[in-house]
Amino acid sequence: MPENIIIPISHESLLEEVLKMKGSSCRLVQICSTRIKDGYELTYSFGKDFDLYGLRFQIGEDTEIPSISHIYPASFLYENEIHDLFGVPIKMISLDYQGTLYRTEKKTPFK
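Residues numbered from 1 in each chain as written. Predicted model: local features only at pLDDT ≥ 70, side-chain atom pairs only at ≥ 80, totals over all residues. Heavy atoms only, no water.

What exactly am I supposed to notice about the overall build of the protein chain here?
Scanning the protein chain from N- to C-terminus turns up two helices and six strands. Secondary structure elements in the protein chain, listed N-terminal to C-terminal, are β-α-β-β-β-β-α-β. Its C-alpha atoms give the protein chain a radius of gyration of 14 Å, near enough to 13 Å, the size a compact globule of 111 residues would have. For the protein chain, the spread of C-alpha atoms along the three principal axes comes to 45 × 30 × 25 Å. For the protein chain, the proportion of its 111 residues judged to be buried stands at 40%. In the protein chain, the proportion of contacts linking residues at least 24 apart, taken out of those at least 6 apart, comes to 50%. For the protein chain, the accessible area works out to roughly 6,700 Å², and carbon and sulfur atoms hold 53% of it. Side chains of the protein chain give 12 positive and 16 negative charges; the mean places of these two sets differ by 3 Å. (Helix = DSSP H or I, 4+ residues; strand = E, 2+ residues; numbered from the N terminus. Rg over C-alpha atoms; globule rule 2.2 N^0.38 Å. Buried < 20%, exposed > 50% of the residue type's maximum accessible area, 1.4 Å probe, protein only. Contact = heavy atoms within 4.5 Å. Areas by Shrake-Rupley, 256 points an atom, 1.4 Å probe, with all protein chains shown as cover. Lys, Arg positive; Asp, Glu negative; His and termini not counted. Charge placed at Lys NZ, Arg CZ, Asp CG, Glu CD.)

Would you take a moment to explain helix α2 (residues 75-86) for this structure?
Since the α-helix advances by 3.6 residues per turn, residues separated by three or four positions end up pointing in the same direction. End to end, α2 covers 16 Å across 12 residues, agreeing with the expected 16 Å (1.5 Å per residue, within 8%). By the burial criterion, the buried members of α2 are S75, F76, E79, N80, I82, D84, L85 and F86. Considering only its buried residues, α2 is in contact with β2 (27-36), β3 (39-48), β5 (65-66) and β6 (90-91). (Expected span 1.5 Å × (residues − 1).)

I tried to follow the side chain of E17 on my own but got confused; where do I start?
You can see E17 is positioned in helix α1 (residues 14-23). Discounting residues that sit within four places of it in the chain, E17 has contacts with I9 and L55.

Can you help me understand the state of the cysteines in this one?
Simply put, the disulfide is a covalent bond whose two ends are the sulfur atoms of two cysteines. Scanning all chains against the criterion turns up zero disulfides. Unpaired in terms of disulfides, C32 finds its nearest cysteine sulfur in C26, a separation of 18 Å. (Disulfide = S-S within 2.5 Å.)

What exactly am I supposed to notice about the sheet that holds β2 here?
Adjacent strands of a sheet pair through backbone hydrogen bonds, lying either parallel or antiparallel. Pairing is mixed in the open sheet, where four strands are placed in the order β1-β4-β3-β2. Each edge of the open sheet is held by one strand with a lone partner, namely β1 (4-8) and β2. Neighbour-to-neighbour, the strand axes of this sheet turn through a mean angle of 20°, independent of strand direction. Both β1 and strand β4 (residues 51-60) contribute to a ladder of five bridges, which runs parallel. Looking at the pairing, I5 lines up with Y53 of β4. (Pairing = 2+ DSSP bridges. Axes fitted to C-alpha atoms, helices over the stretch in contact; angles between N-to-C directions.)

How do you make sense of the pattern of salt bridges when you look at a structure like this?
Working definition: two side chains of opposite charge can pair if their charged atoms are close together. One pass over the full model with this rule turns up four salt bridges. Across the pair E61 and R35 runs a salt bridge whose closest N-O atoms are separated by 2.8 Å. Placement of E61 in the loop between β4 and β5 and of R35 in strand β2 is noted, with a sequence separation of 26 residues between them. The salt bridge involving E41 is made with R56; its shortest N-O contact spans 3.9 Å. Of this pair, E41 sits in strand β3 while R56 sits in strand β4, and the two are 15 residues apart along the sequence. (Salt bridge = Lys/Arg side-chain N within 4 Å of Asp/Glu carboxyl O.)

See the structure below:
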């Protein structure tokens, strides 16, 4: 039976944990951000066979996190989206749209 496993991590260990997923031949499924009381909760989802693994952590509003686009190139779209819509500072995105991926009436509408 397929598993859906949430793995709590710290934002400081993000790159290390993502590299473990890559080393286990997992594919990137999605990156999700949601607003919480004092910041954001992010979940990086990876799949292998029929199992889904979610690396989940919480950060403050101004906490900068590293990009994983040098490990999973397609992540640049998720990362630009999270930056544009939530205002999460993500450093070193391989293709950084500098806040122009989406045209929204309000800048960072979910901040």
